Amino acid sequence: MLHLQMTPVGSRHRYLKVLPVILLLLLCFISCRQVVPPDVEQRPICVPAEDFNRLFERTGPGWTGGDGTLSVWLPDGRTLWLFGDTLLGKVAPDGTRPLDTPFVHNSLVVQDGNRLETRVGSVRGEPGAFFSPSSAEEWFWPGHGVIVSDRLKIFLHRFEQTAPELWAWRWVGTDLAQVSLPSLTLTGIQAAPSDNLILYGVCLLESDGYTYIYGTADQRHPKEAHVARVPAGRLEGPWDYFNGACWSGQAVATCRILAGVSTQYSVIRFGRHFYLFTMDGRDVFSYLIVVYRAVHPQGPWQGPLTLYEAPEAGDQVIAYNPFAHPQFLEENRVLLSYNLNHVSNPDALYRDAAIYRPRFIRVDLGEADRRFDGEAPRQAAIDVK
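Below or above, wherever it landed, is the structure these notes cover. (Residues numbered from 1 in each chain as written. Predicted model: local features only at pLDDT ≥ 70, side-chain atom pairs only at ≥ 80, totals over all residues. Heavy atoms only, no water.)

A sheet is described by the order of its strands in space; here three strands give the open sequence 2-5-6, paired in antiparallel fashion. At either margin of the open sheet sits one strand with a lone partner, and together these are strand 2 (65-66) and strand 6 (103-104). Where strand 2 and strand 5 (residues 86-87) come together, two bridges link them in antiparallel fashion. Bridge pairing links Gly66 to Thr86 in strand 5. (Pairing = 2+ DSSP bridges. Helix = DSSP H or I, 4+ residues; strand = E, 2+ residues; numbered from the N terminus.)

Given below as structure tokens:
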């Protein structure tokens, strides 16, 4: 049964007197809300860096595609780009490559303003890798580098093929190359000091008198980040390793500082914080670029905070190994690259040259801080144990 509750007449008159006051308060509230800029909550944390995307749309001669995409700022103002597997030659107007396009396992690209110059080696008169190991069965993929006096020191990761198929390779060691400046002439390669099965040298960071050497436990899933350090520039060792609580001279004492990174990731310092950029390595072939934040170079890390969904990634194309290039910092926006490749068919790189080129975005670190600070109460720091 429906019950109707009648309101006394006197009460209705009191409601009518109060109603204008309520409406006035509502209008004031709505007006005050409109004072806040409508885009504050929606301010983009990153945007495509179209100038660098265009810069690396090369059609030849020289470098026309590659991955790795690390960089070192040289003392004379140039930037040295370090690439792994590289395609050379020319790209046709329709975006295809000839099937006989030269392929090398690593290359250097020197940027001077908007001019790019390719540096490779030579093998019997044909293009070859800039860095070559002594064994013909192995090859180098470059890691990061750092300037020491008048030399550039670059980590080189040595790989070998384990089967005649895509993705069938394994890391077998890490070396350290010396390159003279400003000529960029290779003067020597020696073994890197660490032997604890961590792929060190994916990123280097100089801070407070130390060089921090970041590495990856690449055979684990999710992949783990580790870090060692030396007094600035003394990469030949001995190294100290972060063991979860302090720094130890024992390589076997190393402890992960973060789980869920990509093989290659990047750490930079901006203001009082350190930022670690990576694909969201908690998932295989993730298309999400994320960032973690810490007040120490070894963590503990707050995050992850999602920055970007690589729009090119899908069932057939993967995005991987982001890297920051702080020499191109604009106000508080840092340049970040990521790589693209076909997941299963190398021939696709010849049908569409755009697949195998880095893409660039600019990340607003001020906006990242705003979101980190807003989320801090509900986010736990990453355990370093």
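This paragraph deals with the packing of aromatic side chains. The geometry of an aromatic ring pair is captured by the separation of the ring centres together with the interplanar angle, meaning the angle of the planes. A complete count under the given rule lists 24 aromatic pairs for this structure. With centroids separated by 5.5 Å and ring planes inclined at 45 degrees, the aromatic side chains of Phe52 and Phe360 adopt a geometry described as tilted. In this pair, Phe52 sits in helix 2 (residues 50-55) while Phe360 sits in strand 27 (residues 359-364), placing the two residues 308 residues apart along the sequence. Looking at Phe52, the relative accessible area reads 7%, which means it is buried. (Phe/Tyr/Trp six-rings, centres within 6.5 Å; stacked < 30°, edge-to-face > 60°. Buried < 20%, exposed > 50% of the residue type's maximum accessible area, 1.4 Å probe, protein only.)

To continue, consider the sheet that holds strand 8 (residues 115-119). The four strands lie next to each other as 3-4-7-8, forming an open sheet whose pairing is antiparallel. At either margin of the open sheet sits one strand with a lone partner, and together these are strand 3 (70-73) and strand 8. Pairwise comparison of adjacent strand axes, ignoring direction, gives a mean angle of 25 degrees for this sheet. Direction of pairing for strand 3 relative to strand 4 (residues 79-83): antiparallel, over a ladder of four bridges. Across the sheet, the residue bridging to Val72 is Leu80, located in strand 4. (Axes fitted to C-alpha atoms, helices over the stretch in contact; angles between N-to-C directions.)

Now for the pairing of strand 11 (residues 138-148). With nine of 11 residues buried, strand 11 is to be regarded as a mostly interior element. Looking at chain direction, strand 11 and strand 12 (residues 151-161) are connected through nine bridges and run antiparallel. By the bridge assignment for strand 12, Pro142 is matched with Leu156. The hairpin turn running from strand 11 into strand 12, its antiparallel successor, is two residues long, and Ser149 in that turn takes a positive phi close to 60 degrees.

So, on to unusual backbone geometry. As a rule of thumb, non-glycine residues mostly have phi less than zero, and peptide bonds are mostly trans rather than cis. The step from Gly60 to Pro61 runs through a cis peptide bond, and the omega angle for that step is 0 degrees. Along the chain, Pro61 falls in the loop between helix 2 and strand 2. A cis geometry characterises the amide bond from Gly303 onward to Pro304, with omega recorded as 5 degrees. Mapping Pro304 onto the fold places it in strand 24 (residues 302-309). Positive phi values are uncommon outside glycine, yet Ser149 reaches one of about 60 degrees.

A contiguous nonpolar patch, built from Leu166, Trp167, Val284 and Phe285 and spanning about 400 Å² of accessible area, is present on the exposed surface. Counting through the fold element by element, Phe285 comes out in the loop between strand 22 (273-279) and strand 23 (288-294). Looking at Phe285, the relative accessible area reads 48%, which means it is partly exposed. (Patch = residues over 30% accessible without salt bridge, like charges linked within 9 Å, V, L, I, M, F, W, Y side chains within 5 Å. Areas by Shrake-Rupley, 256 points an atom, 1.4 Å probe, with all protein chains shown as cover. Salt bridge = Lys/Arg side-chain N within 4 Å of Asp/Glu carboxyl O.)

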